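Listed below, chain by chain, are the residues.
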Amino acid sequence: METIQIKYFSDQIEKLRYIDGKSDWIDLRAAEEVTLKTGEFRLIPLGVGMKLPKGYEAHVVPRSSTYKNFGIIQTNHCGVIDESFCGDHDQWHMPVYAMRDTVIHVNDRICQFRIMKHQPSIVFEETDTLEKTDRGGFGSTGKA
């Protein structure tokens, strides 16, 4: 089990918790109230910063209910925070674009994250054929 140092930038949000057996993603919450009009962009502070272990990064994505509940989309669609973003002022944020007028309240669960090891170094080897892998060119179903 890894230990990760965390700094809270707000005492108004719930402390992060890992729910073993339910998911390996951890919810993140808005650390301030944000009012957005349709078409506005905003970096929503998440109230936390972390010192990730060397060789790890955090992947931050919206929760499945974020668009339905708040009408926002994450502008980078998947945020990647590496272990170098770990200073005393390096608070995590979610960059969002409002698709409708909305209000996000302090402590609303708006996104989630998981910690991943960095991708290992890889080498691409060219080939003229990928044996025994042809499924018809349309993904896993083989259907258009």
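Structure report, in brief. Please read these numbers as outputs of a predicted model, since none were measured by experiment. (Residues numbered from 1 in each chain as written. Predicted model: local features only at pLDDT ≥ 70, side-chain atom pairs only at ≥ 80, totals over all residues. Heavy atoms only, no water.)

**A closer look at the environment of Gln 119**
Along the chain, Gln 119 falls in the segment after strand 11 (109-117). Judged by its relative accessible area of 64%, Gln 119 falls in the exposed class. Along the sequence, Gln 119 and Glu 33 sit 86 residues apart, while their C-alpha atoms lie 36 Å from each other. (Helix = DSSP H or I, 4+ residues; strand = E, 2+ residues; numbered from the N terminus. Buried < 20%, exposed > 50% of the residue type's maximum accessible area, 1.4 Å probe, protein only.)

**So, the environment of Ala 31**
Inspection of the secondary structure assignment puts Ala 31 in the loop between strand 2 (26-29) and strand 3 (34-36). Distance in space between the C-alpha atoms of Ala 31 and Val 48 is 8.6 Å, their sequence separation being 17 residues. When neighbours within four sequence positions are excluded, Ala 31 is seen to be in contact with Ser 10, Gln 12, Ile 13, Pro 45, Leu 46, Gly 47, Gln 91 and Val 106. (Contact = heavy atoms within 4.5 Å.)

**Points about the sheet that holds strand 8 (residues 79-82)**
Strand order across the open sheet formed by 4 strands is 2-11-6-8, with antiparallel pairing between neighbours. Of all strands in the sheet, those bounded by a partner on one side alone are strand 2 and strand 8. Between one strand axis and the next, the sheet turns by 35° as a mean value, whatever way the strands run. Pairing of strand 6 (residues 56-62) with strand 11, which is carried by 7 bridges, proceeds in the antiparallel orientation. When the bridges of strand 11 are listed, Glu 57 appears paired with Met 116. (Pairing = 2+ DSSP bridges. Axes fitted to C-alpha atoms, helices over the stretch in contact; angles between N-to-C directions.)

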